[in-house]
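Overview (structure and organization)
What follows is each chain in one-letter form.
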Amino acid sequence: MILLLIQLWALLLLAAAALALVLTRAPRDQTIGLSFYGLLLALMFFVFQAPDVALSQIVVGAVALPMLIMLGLAEVRRHTRERERENKKK
Amino acid sequence: MRLILFAVSLAGFAAFFAAGARGLRPVGHYAGPYGDVLNAISVPERHATDVVTAINFDFRGFDTLGEEFILFGSVMGVLLILRQQHDELRKENPEEDPNGPPAASDAMRAFTLALVGPMVIFGLYIVFHGQLTPGGGFQGGLILATAPLMVYLSGKLDEFKAVTSPRLVEIAEATGAGGFALVGLAGLAAGKNFLENILPLGKTGSVFSSGTIFLISVLTGIEVAAGIVLAMQSFLEHALEIMQRGRNG
Amino acid sequence: MSGLEWLMGWMGYAVAIWVFAAGLYGIVTSRNWMHLAICLAVMQSSTYVLLLSIGYRTGGAAPVFADIPVGARAVDPVVQALTLTDIVVEATVLALVVVLAVQIHKHSGTLDPDKLRELEG
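Residues numbered from 1 in each chain as written. Chains lettered and ligands numbered in written order. Predicted model: local features only at pLDDT ≥ 70, side-chain atom pairs only at ≥ 80, totals over all residues.

1. Here we look at the overall build of chain B
- Along chain B, the regular secondary structure elements total nine helices and two strands.
- Along chain B, from the amino end to the carboxyl end, the secondary structure elements read α-α-α-α-β-α-α-α-α-α-β.
- Within chain B, the fraction of its 249 residues that count as buried is 37%.
- Within chain B, contacts between residues at least 6 apart in sequence are counted, and of these 71% link residues at least 24 apart. (Helix = DSSP H or I, 4+ residues; strand = E, 2+ residues; numbered from the N terminus. Buried ≥ 20, exposed ≤ 12 C-beta atoms within 10 Å, placed from the backbone. Contact = placed C-beta atoms within 7 Å.)

In structure tokens, the structure reads:
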């Protein structure tokens, strides 16, 4: 009974978090939200009795994916700054 | 305009999904035979108590071989796209660049360096106990790959590059991927099917049990860890060292 | 009691289609490649929810028989293996999308999918 309540609550929280994540437009804020969403997914896998999947999702969804996106954003910011510096020189 | 199209197509898709889901049983009343069969025979036949890992590396090992090569191919793609182009040159001293990232504080250095050891041990534990408890090659390999990330976060790119020399990591990744295929071929060489479990099965519950599942788990862990470290290295190198020719002097 | 179980009976599928729709809405109205990549990840996560809902059994334990007897009531392990593969594929796809977005930005200076219509010779 308690487990059923926890499962329902996890599913509803997941739906709300997905909508909130999609409606966040700034990429940097969204990366932190993605990390939280990944952790929430791992929690849902755990209460649905799937520990292997939860382990995998914790590392991939909360560490590896936000890391990749942050590195991409840092790269983009560096390019923008170089472009601005070159435009100022001209 | 785009939103109207989206709403219409989503309504159509939801209708199809509802029609299809009507044929599914309600959540919580799983009926299918395969799960029960695998739960029942996994321990007697393969001496592996973690059924999901046994499925991944033994019963459906061929799919995992394909998935590992997907990871291998994508790491190759990342390395290819982020390589030094002909109109870029490499910065000599990325740490003295005034526009680069700031140096890490002492608390950050102490914390991340203290975490490196426990992470390596935990990752190895999860890799080696894949057939007994939840875990296995993929999960353990991913955890192992975050140990060099801790070294990078402690501030120095030089130490990160010394810990993960590219040649060694590339060899490790190739060993993991090729080793998996070789274990499958060894099954063929022993006169049985590809990727059949041919090593002695051992006692249920000890680490060196369930034959090739243990071996494949270790090889997959090496390959996944090396692949992610390679992709990380490529990203960091590209972000910190390579720049357009003629921009900075 | 049975009311909650009836609710659970279709809630798994409903959340899966809701998350899919949210991700699709994000992709359709996206003005930034990185935002698009994250919405793609959200869409892929809806398939995990669907797979695990199919394989769940009420009152079942995790399919690891290290400390429970072999004949005990357990959930389906096959869909968990499928979901593991799915997670790895998601990380792969996202890595390649981010890398391509970075290169697009380097060559054209913008991260906006709408501004990349014309191909300049």
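Continuing now.
2. A word on helix H1 (residues 2-28) of chain C
- In this model, H1(C) (27 residues) spans 39 Å end to end at C-alpha, consistent with the 39 Å of a helix rising 1.5 Å per residue.
- At Met11(C), H1(C) is deflected by roughly 35°, the largest bend along its length. (Expected span 1.5 Å × (residues − 1). Bend = angle between axes of the 7 residues up to and from the residue.)

3. Considerations on the interface of chain B and chain A
- Residue-level contacts link 18 residues of chain B with 15 residues of chain A.
- Of all the secondary structure elements, the ones that give two or more residues to the side of chain B that touches chain A are helix H3 (51-59), helix H6 (137-153), helix H9 (212-240) and strand E2 (242-244) of chain B.
- Sorting elements by how many residues they give to the side of chain B that touches chain A places H6(B) first, with five residues.

4. What about the interface of chain A and chain C?
- Taken together, the contact between chain A and chain C spans 36 residues of the former and 45 residues of the latter.
- Of all elements in the fold, only helix H1 (2-23), helix H2 (27-47) and helix H3 (51-89) of chain A reach the threshold of two or more residues within the side of chain A that touches chain C.
- When residues in the side of chain A that touches chain C are grouped by element, the largest group, 16 residues, is from H3(A).
- By residue class, the composition of the side of chain A that touches chain C is 25 nonpolar, seven polar and four charged. (Nonpolar A, V, L, I, M, F, W, Y, C, P; charged D, E, K, R; others polar.)

5. Concerning the packing of H3(A) against helix H3 (residues 78-108) of chain C
- As a packed pair, H3(A) and H3(C) sit with axes 10 Å apart at the nearest point and diverge in direction by 0°. Judged by the inter-axis angle, H3(A) sits roughly parallel to H3(C).
- Here the contact of H3(A) with H3(C) is built from residues that sort into 15 nonpolar, seven polar and three charged. (Axes fitted to C-alpha atoms, helices over the stretch in contact; angles between N-to-C directions. Parallel < 35°, antiparallel > 145°, perpendicular 65-115°, else oblique.)

6. Some words on the environment of Gln7(A)
- When you line up the elements, Gln7(A) lands in helix H1.
- Taking the C-alpha atoms as reference points, Gln7(A) and Phe46(A), 39 residues apart in sequence, are found 9.6 Å from one another.
- In this structure Gln7(A) touches Val47(A), Phe48(A) and Met8(C), once residues within four positions along its chain are discounted.

7. A short note on unusual backbone geometry
- Even without a glycine there, the phi angle at Gln49(A) is positive, about 60°.
- Tracing the backbone through its elements, the reader meets Gln49(A) in the loop between H2 and H3.

8. Quick look at the packing of H1(A) against H2(A)
Residues and elements named next belong to chain A.
- Axis separation between H1 and H2 bottoms out at 10 Å; the angle between their running directions is 160°. Classed by the angle they form, the pair H1 and H2 counts as roughly antiparallel. With respect to the hand of their crossing, H1 and H2 are arranged in left-handed fashion. Of H2, the residues touching H1 (which contributes Leu 3, Ile 6, Gln 7, Ala 10, Leu 11, Leu 13, Leu 14, Ala 17, Ala 18, Ala 20 and Leu 21) are Gln 30, Gly 33, Leu 34, Tyr 37, Leu 40, Leu 41, Leu 43, Met 44 and Val 47. (Left-handed = near helix turned anticlockwise from the far one by under 90°.)

9. Here's the deal with the environment of Ala21(C)
- Here Ala21(C) shows up in helix H1.
- On a C-alpha basis, the gap between Ala21(C) and Gly71(C) in space is 39 Å, while along the polypeptide they are 50 residues apart.

10. Digging into the confidence of the model for chain B
Residue and element names in this part refer to chain B.
- Averaged over chain B, the pLDDT score is 81; the fraction of residues at 70 or greater is 87%.
- In the model, residues 244-249 has pLDDT below 50 throughout and makes nine contacts with residues more than four positions away in sequence or in other chains.
- Quick note on the complex model: pTM equals 0.88, ipTM equals 0.88. (pLDDT = per-residue confidence, 0-100.)

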